[in-house]
Every structure is written in C-alpha cells, then in structure tokens.
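# Descriptive analysis of the structure
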2 protein chains.
Amino acid sequence: MSTACVIGLGSMGYGAATSLLRSGFGVRGVDVREEVLRRFESEGGTACRTPAEGVQDADAVFVFVVNAQQTDAALFGERGAVPALGKGAVVIASATVPPLYAETLGARLTEQGLLALDAPVSGGPGKAATGEMTVMASGSAAAFAAAQPFLDAVAAKVYRLGDTPGMGSRVKMINQLLAGVHIAAACEAMALGMHAGIDARQLFEVISSSAGSSWMFQNRVPHILDGDYGPQSAVDIFVKDLGIVLETGHALRFPLPIAATAHQLFMAASAKGLGRDDDASVIKVYADIAGVELPKKKSTP
Amino acid sequence: MSTACVIGLGSMGYGAATSLLRSGFGVRGVDVREEVLRRFESEGGTACRTPAEGVQDADAVFVFVVNAQQTDAALFGERGAVPALGKGAVVIASATVPPLYAETLGARLTEQGLLALDAPVSGGPGKAATGEMTVMASGSAAAFAAAQPFLDAVAAKVYRLGDTPGMGSRVKMINQLLAGVHIAAACEAMALGMHAGIDARQLFEVISSSAGSSWMFQNRVPHILDGDYGPQSAVDIFVKDLGIVLETGHALRFPLPIAATAHQLFMAASAKGLGRDDDASVIKVYADIAGVELPKKKSTP
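Bear in mind the structure is a predicted one, so any value in this text is a computation, not a measurement. (Residues numbered from 1 in each chain as written. Chains lettered and ligands numbered in written order. Predicted model: local features only at pLDDT ≥ 70, side-chain atom pairs only at ≥ 80, totals over all residues. Heavy atoms only, no water.)

In terms of helices and strands, chain A carries 13 helices and nine strands. Against the compact-globule benchmark of 19 Å for 301 residues, chain A has a radius of gyration of 20 Å, which places it among compact chains. Expressed as lengths along the three principal axes of its C-alpha atoms, the size of chain A is roughly 65 × 55 × 35 Å. For chain A, contacts bridging at least 24 residues in sequence account for 67% of all contacts bridging at least 6. Taken as a whole, chain A presents about 11,600 Å² of accessible surface, with 52% of it coming from carbon and sulfur. Each charge sign in chain A was given a centre, from 24 positive and 29 negative side chains, and these centres are 1 Å apart. (Helix = DSSP H or I, 4+ residues; strand = E, 2+ residues; numbered from the N terminus. Rg over C-alpha atoms; globule rule 2.2 N^0.38 Å. Contact = heavy atoms within 4.5 Å. Areas by Shrake-Rupley, 256 points an atom, 1.4 Å probe, with all protein chains shown as cover. Lys, Arg positive; Asp, Glu negative; His and termini not counted. Charge placed at Lys NZ, Arg CZ, Asp CG, Glu CD.)

This is the structure we're talking about:
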C-alpha cells in the first residue's frame, strides 16, 4: 500500500488527509495540536508530532502549512522532512507562497534527489473535505506521475500549468489577487448599501443573480447577513496573500492600485484586532467608520 | 391592444422594444438615428423621431437613454414625453441614474398625474434581446400593476424593492459598484498574469473555475483574449456609473476606497481616448504602463 504524509492538518490539510484515507492510502498526519491529532487517529490516520516522523516510508508528502516560512521549517528545519525522505519521493507544496520562493524550493528539492510539485490549491474547506479541491500545479513530468494517484484522491481538478515549479504559485497568486479584491469590494458594497437604507438580504439576493456577483460575494456575504465571523478563512490570510501579490508586483515593477487598496482594508481589519476572525470582518472597518449597524448573530438557545 | 413606447433604442432599449413586439404589444420606438429606426420598422415597430410623438396613445413608456440628463430631456425637454402622455400612464425609468434623481423624478411624475417606476435593469444586450433582463424596481403598487404586463415581456426577473422611486436605483448603484470594480480588477489581474509569463487563456480557464472568479471576469476577459474591444459596454459607461457611486458616497459621507480606485482606472482609459471602446480596454492602461503585449484580434479573411 502506498503511504502519504500530510504536514499541517488545518482545514485544507485535514480535508486532504481524510480524502487520502478514504481512497485507501496509509496516511501519516503531522500537526502540533494534540486534539487535531487525536481526531485524525479516530478516523484511521496515524498521528505524528514532527515532519521527520511523518515522512517515514512516505511516497508522497503534502505540505499544507500557512506560508513560505512554515514550508521551509517543515522541510528543512529541525526534525524536518527532507533528510528523512527516501530518494524519489514527491513533495507536493500546497501553501500559498511567493512564486520566486516556489521556484527556489523546487530547485532545492531536486538537488536532494526528490521530486517537486508546486501545487497550491483552491476551493475552501468544503471542497477539501470532499476530496474536490482545485490544484494549480507545475513541475516535471516525473513529479506529476509520482503525485497523480495522491492528487486524484484530494482534487476534482488538477491544472498542469508548466514543467517547472513556480508557475502553479503564479497562477494561485492571480487567483488570490482577485479573491481578495472581491471580498473587500463585497464589504464596501454591502456596507454602502445598508448605509443607504437597502435591506441587506434583499440586496444580497439581487446582486447574486446580477452582473455584480462574484464567487466571493456569494460565499462571504452570508457570513455578514448571519453576523457570524467565526473564521472559515481569516483576515490575516489575505494580509499575507495580497502581501505576496504586492511584493511580486514590486519585484516586477508592475503597479497594482486595486490590489494595494484592498490590502490596506485587510490591514485595517487586522489593526482593529480582527486578524484571526473571518475575512468578511473587513465590513467592520466600513461599519465602524460610518456608523452602519450590521446584522447580529442569532443567539442559540 | 395595449401600446408601449420605448425611448432610446440602444442595445438595451432595442432589446426591450423587440421583446414587447414579440409579446403582441403595439410598440413605438423613439431614437434620433435613422438607420436604427428603419431596422425597428422592418421588425414591425413604429418609428418616432421625438418622445412627444412616441408616447401618443401609450399606456407605458420605457426610458432607455444613457443617463439622468437624457432622461430629463426625454421627459420634460422640448417635444418631451410628459405633456403628451395621458393621465394614468406609467413611466418606467430604466437608465442608471443617481438615486436622489430617481426619487425627485418620481415625485415630479406623480405631480403630473402619471405613475412612476424607478426600474434600472441588468443583464446586458444578450438578455435584453431575449426578453430576459433583470429589473430592479421600486414604486407604488399602482405603478407596478400598470407596468406588470410590459415588464413581463422584457424581463425574466423583476425585483420589487420598495414602494417609492429611489430604491431601485440604489440597488442598481451597488450592482454597478461591484461590476465596475470587478472589471478593473480582472484587467489588473490578467495584465499582471501575462506580465509574469502565464498563458492568458490557461489563466482565464483556471480562474473561471476558482474562487477568484466573478460574473464580469467571465464575461469581459474573453474580449481581451480575442483582442476584440468593439464596445459591448463602453468605458465611459463606468466613468459615469462609478461617478454616481462616488457622488452618492460623497453625499452620504461614506468612504469608498476601492470604488474610487477603480473609477480612476476607467478615467485613465477614457483619458487615453478609449472612452467609446469596450470597458475591457482598461487592461490597455496596465499594458501600456508595463509593456505587456496583449492578444491581437484575428484578422478576418
């Protein structure tokens, strides 16, 4: 039986790990949170406390941590994965990272005799749980071949975007530019609408079926209508991801006025202490400035 | 047989007028362009050169001109519609106008013994042609009752948003805020992606099925991929519509940083002489600044 390791059992990693279990793989899950590891064990997974322990006998390693720094630590840090991996194993790097980092990482893994796939994902926790993520991947034909059975278990769609690491992360970066702008714009629009006296639920219904709609508008505005800012994806994720977009624009000398403005709004929400709340919390920046009363969460009995 | 008048046979008004014809109404179309009037006659409509002539015997008047100034001229200007309309006729005002103008217009029409519906539309020329527009309407129960058979002919969906004119235009304004931001963001994202070496068609395909997608991204990016900037909706429409959004925000003392930034990009495209080109031309602002080569239009043999 092939064995997979998943480093980082956040909502995306956990969904990937359980999808791999359902497909019959042996799965070793690495996390620092004991309660997450116990839950994973109860579903038939093997709990591991360090990457080095997790990658024993693994044919493929998914890295589902938050950013480039954590990716580096998981792979090359103390008790990291790379020295413990057998030659020819494939590393599937799925955190959203700067494209230049993804390129360099690919080269470093190749030097170690490993196969490298630059493979950020999209779809949110729901699609992760059902094994229907979208994967934006680039890497060598050998890396794709080695990763294929594992990707089949976690993804509904795998885009092959190029034969070297970097292109997957470039495409993901563009997706995050749009996703972040659309969340901030949804918050700006809903706040103005409420301030102008429009019923919020009716506004959501009309826009959802009109030309002003977006995937993010339809996904995030219900959080606002329900007054529920429990983090499905946190404000600080877009502080980071739009930060990557702007750094890349800076390096390429490419002006990004809309992404830069949206980034400032996530920064403002984070500055208000909302960094770990749901990213729809950006609407509170507008609401607090202009005195808009937002829908309250229904208290559960 | 009931008679309808459509003032302004642009792409939206022309679609409404032919949809009314298909539903069996007598339809008088008003425009200043002879070739449009001749085409309308060939489809069974009655061609009229002035609003006063067009509204003879009309039970309902659709006003499908471009803005508030043209709406005012069509209704109250020289050879305007209002003095020529019979008492109890319904005026269906469908241009995108400032919400405060829509409110005042409703009061002025009511004073003249007319029924007033604030009824901006969405859906684009395609949906207009097939009688499947979305209408965002507000007005009295009597105005809705009088307008209903005519609205049924032109719209797939009529939202009843309130019992006085103004609310329809407020909701349309929020739709335009989002639509405008999404177009500008699509241009920023596609230009950065191409500059970073991503294949434009592949990028479009991935984003279209990912969380970064929007109605406008899917509708406008194909114009960029085909290098076809023949105006389906012109840059200057969003110079106007985001202008209405910002004026309203100004009046309400409500800050709109993202809409303001997007407006500047439409202004930049208009300043480059592209005001009458398709609004996807905003990408040329980025392309010219950063030296991105955009897809060319295939020459037809």
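Don't stop here, the text continues.
In the structure shown here, the tally under the stated rule is 20 salt bridges over all chains. Its salt-bridge partner being Lys-240 of chain A, residue Asp-241 of chain A comes within 2.8 Å of it at the nearest N-O pair. Under the relative-accessibility criterion, Asp-241 of chain A is labelled buried at 3%. Asp-228 of chain B is the salt-bridge partner of Lys-297 of chain B, the closest N and O atoms lying 3.8 Å from each other. Residue Lys-297 of chain B is found in the segment after α13 (282-290), and its partner Asp-228 of chain B is found in the loop between α10 (215-225) and α11 (235-251); the two are separated by 69 residues along the sequence. (Salt bridge = Lys/Arg side-chain N within 4 Å of Asp/Glu carboxyl O. Buried < 20%, exposed > 50% of the residue type's maximum accessible area, 1.4 Å probe, protein only.)

Let us look at the relation of the copies chain A and chain B. Put simply, the second copy of the chain is the first one after a rotation about an axis and a shift along it. Overlay of chain A on chain B (RMSD 0.0 Å): rotation 180°, translation along the axis 0.0 Å. Both copies of the chain, as the preceding transformation shows, are related through a two-fold rotation axis. Taking the C-alpha atom as reference, chain A places Ser-214 of chain A closest to the rotation axis, 1.9 Å from it. Same-surface contact between copies: 100% of interface residues of chain A are shared with the interface of chain B. (Least-squares fit on C-alpha atoms with pLDDT ≥ 70 in both.)

Attention now moves to the confidence of the model for chain A. Looking at chain A, the pLDDT average stands at 97 and 99% of residues meet or exceed 70. In the model output, the complex is listed with pTM 0.95 alongside ipTM 0.95. (pLDDT = per-residue confidence, 0-100.)

All right, on to the packing of helix α8 (residues 167-195) of chain A against helix α9 (residues 200-208) of chain B then. Contact geometry for α8 of chain A and α9 of chain B: axes closest at 10 Å, N-to-C directions at 55°. Looking at the two axes, α8 of chain A sits oblique to α9 of chain B. The hand of the α8 of chain A/α9 of chain B crossing is right-handed. Along its contact with α8 of chain A, which presents Val-171, Ile-174, Asn-175 and Leu-178 of chain A, the element α9 of chain B presents Leu-203, Val-206 and Ile-207 of chain B. (Axes fitted to C-alpha atoms, helices over the stretch in contact; angles between N-to-C directions. Parallel < 35°, antiparallel > 145°, perpendicular 65-115°, else oblique. Left-handed = near helix turned anticlockwise from the far one by under 90°.)

Another aspect to go through is the pairing of strand β2 (residues 26-30) of chain A. All names here are of chain A. The buried fraction of β2 is high, at five of five residues. The side-chain alternation of β2 yields two buried faces, one formed by Gly-26, Arg-28 and Val-30 and the other by Val-27 and Gly-29. In terms of strand pairing, strand β1 (residues 3-7) meets β2 through five bridges, oriented parallel. Considered in β2, the bridge of Cys-5 is made with Arg-28. A crossover links β1 with its parallel partner β2, the connecting element being helix α1 (residues 11-22), and its sense is right-handed. Bridge count for β2 against strand β3 (residues 46-48) is three bridges, and the pairing is parallel. Each residue of the ladder has a partner; that of Arg-28, found in β3, is Thr-46. Chirality of the crossover, the property in question, places the unit of β2, helix α2 (residues 34-42) and β3 among those that are right-handed. (Pairing = 2+ DSSP bridges. Right-handed = clockwise from strand over helix to strand, strands pointing away.)

With that settled, consider the nonpolar core. Here is a general trend for soluble globular proteins: nonpolar side chains tend to be buried in one another's company. Judged by nonpolar contacts, the single largest core of 112 residues is most densely connected at Met-190, Phe-266 and Ile-283 of chain A together with Ile-174, Met-190, Phe-266 and Ile-283 of chain B. If you look at the next biggest cluster of nonpolar residues, it comprises 36 residues, including Leu-9, Phe-62, Ile-92 and Ala-155 of chain B. (Core = buried A, V, L, I, M, F, W, Y, C linked by side-chain atoms within 4.5 Å.)

In the structure shown here, the tally under the stated rule is 12 aromatic pairs over all chains. Centroid distance Tyr-14 of chain B to Phe-40 of chain B: 5.9 Å. Interplanar angle 70°. Geometry classified as edge-to-face. Taken as a pair, Tyr-14 of chain B in helix α1 (residues 11-22) and Phe-40 of chain B in helix α2 (residues 34-42) lie far apart in primary sequence, 26 residues in all. Of the residues examined, Phe-40 of chain B reaches a relative accessible area of 0% and is grouped as buried. Seen from the ring of Phe-76 of chain A, Arg-108 of chain A lies directly overhead, with NZ or CZ sitting 4.0 Å from the centre. (Phe/Tyr/Trp six-rings, centres within 6.5 Å; stacked < 30°, edge-to-face > 60°. Lys NZ or Arg CZ within 6 Å of the ring centre and 35° of its normal.)

Take the interface of chain A and chain B next. Taken together, the contact between chain A and chain B spans 59 residues of the former and 59 residues of the latter. In this assembly, chain A packs against chain B so that about 5,000 Å² is buried in total across both faces, 75% of it on carbon and sulfur atoms. Sorting the residues of chain A by area buried against chain B places Leu-192, Phe-254 and Ile-258 of chain A first, and these three jointly supply 14% of that buried surface. There are zero salt bridges connecting chain A and chain B. Inspection of the chain A/chain B interface yields 13 residue pairs in polar contact (both at pLDDT 80 or more). (Buried area = accessible area lost by both parts, 1.4 Å probe. Polar contact = N/O pair within 3.5 Å; in protein donor to acceptor, adjacent residues only side chain to side chain.)

The next subject is α13 of chain B. Every α-helix carries 3.6 residues per turn, so stepping three or four residues along brings you back to the same face. For α13 of chain B, every residue scored as buried is listed here: Val-282, Ile-283, Val-285, Tyr-286, Ala-287 and Ala-290 of chain B. Residues of α13 of chain B that are buried make contact with α12 (257-274) of chain A together with α8 (167-195), α10 and α12 (257-274) of chain B. At the exit of α13 of chain B stands Gly-291 of chain B, carrying a positive phi of roughly 70°.

This part is about helix α9 (residues 200-208) of chain A. For α9 of chain A, the complete set of buried residues consists of Ala-200, Leu-203, Phe-204, Val-206, Ile-207 and Ser-208 of chain A. On its buried face, α9 of chain A sits against α8 and α10 (215-225) of chain A together with β8 (133-139), β9 (155-160) and α8 of chain B. Of the residues flanking the start of α9 of chain A, the one acting as N-cap is Asp-199 of chain A, its side-chain oxygen 3.3 Å from the backbone nitrogen of Arg-201 of chain A.

Moving on to the environment of Gly-86 of chain A. Assignment of secondary structure puts Gly-86 of chain A in the loop between α4 (68-76) and β5 (90-93). The sequence separation of Gly-86 of chain A and Ala-60 of chain A amounts to 26 residues, and the corresponding C-alpha distance is 10.0 Å.

Our focus in this paragraph is the packing of α1 of chain A against helix α7 (residues 141-154) of chain A. Residue and element names in this part refer to chain A. Between α1 and α7, whose axes approach to 8 Å, the crossing angle comes to 105°. When the axes of α1 and α7 are compared, the pair comes out roughly perpendicular. For the pair formed by α1 and α7, the contact residues are Ala-16, Ser-19 and Leu-20 on the first element and Phe-150, Ala-153 and Val-154 on the second. For the contact of α1 with α7, the residue count by class is five nonpolar, one polar and no charged. (Nonpolar A, V, L, I, M, F, W, Y, C, P; charged D, E, K, R; others polar.)

Another aspect to go through is the environment of Asn-67 of chain A. Residue and element names in this part refer to chain A. Topologically, Asn-67 is positioned in the loop between β4 (60-63) and α4. Along the chain, Asn-67 and Ala-95 lie 28 residues apart, while their C-alpha atoms are 5.6 Å from each other. If we ignore the near neighbours within four places in the chain, the residues touching Asn-67 are Ala-95, Thr-96, Val-97 and Lys-240.

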